[in-house]
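Fold and contact review
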Amino acid sequence: MTVFAVEYVYAPDSTAARDENRPAHRAWLSDLAEDGRLLTSGPYGDGAGALLIFKVQDESRLNELLKQDPFAVAGTIAGIRTTEWTPVIGILAAHTS
């Protein structure tokens, strides 16, 4: 399994759509956290996007997952950056293969 850092950039003027879809988005994230695929997530303080840390088999599976996010389905995400990440120190370091 590989750890990935995923950065979302929210679409301009998407606040109302994100507010409407937030319960479904958070339920989706909660399900992924329960089964161990999502390690942590949260919005940036400025409201421009979010950081999500996933543990999945590979990047293609990650991309398939991200397409299912209710925020993505609603068109509220303008950009996504995924980066393979190796946590070395701290509580997430235990997730490195």
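Placed above this text is the structure.
Within each chain, residues carry numbers counting from 1 in the order of the written sequence. Confidence filtering applies because this is a predicted model: local features only for residues at pLDDT of at least 70, side-chain atom pairs given and counted only at 80 or more, and all residues used for totals across whole chains, interfaces and linings. As a rule here, side-chain values cover all heavy atoms of the structure and leave hydrogens and water aside.

Right, let's talk about the overall build of the protein chain for a bit. If you tally the helices and strands in the protein chain, you get three helices and four strands. Segments assigned H or I by DSSP are reported as helices when at least four residues long, segments assigned E as strands when at least two residues long, and all are numbered from the N terminus. Moving toward the C terminus, one meets the helices and strands of the protein chain in the order β-α-β-β-α-α-β. The globule rule is 2.2 Å times the number of residues to the power 0.38, and the radius of gyration it is compared with is taken over C-alpha atoms. Against the 2.2 N^0.38 benchmark of 13 Å for 97 residues, the protein chain shows a C-alpha radius of gyration of 13 Å, consistent with a compact globule. When its C-alpha atoms are laid out on the principal axes, the protein chain stretches across 40 × 25 × 20 Å. The contact rule is simple, with two residues in contact once any of their heavy atoms fall within 4.5 Å. In the protein chain, the proportion of contacts linking residues at least 24 apart, taken out of those at least 6 apart, comes to 69%. For the purpose of charge, His is not counted, nor are the chain termini; Lys and Arg are scored as positive and Asp and Glu as negative. In plain terms, the charge of a residue is placed at NZ if it is Lys, CZ if Arg, CG if Asp and CD if Glu. If you average the places of the 8 positive and of the 13 negative side-chain charges in the protein chain, the two averages end up 2 Å apart.

Here we take up unusual backbone geometry. For Asp13, which is not glycine, the phi torsion reads 60 degrees and is therefore positive. For Asp13, the position within the fold is in the loop between strand E1 (2-10) and helix H1 (15-34).

If you trace the backbone, Asp19 turns up in helix H1. Working definition: with a 1.4 Å probe on protein chains only, accessible area under 20% of the residue-type maximum means buried, over 50% means exposed, and in between means partly exposed. On the basis of relative accessible area, Asp19 is assigned to the partly exposed category, the value being 43%. Taking the C-alpha atoms as reference points, Asp19 and Phe71, 52 residues apart in sequence, are found 9.7 Å from one another.

Keep in mind that these numbers describe shape and distance, not what the molecule does.
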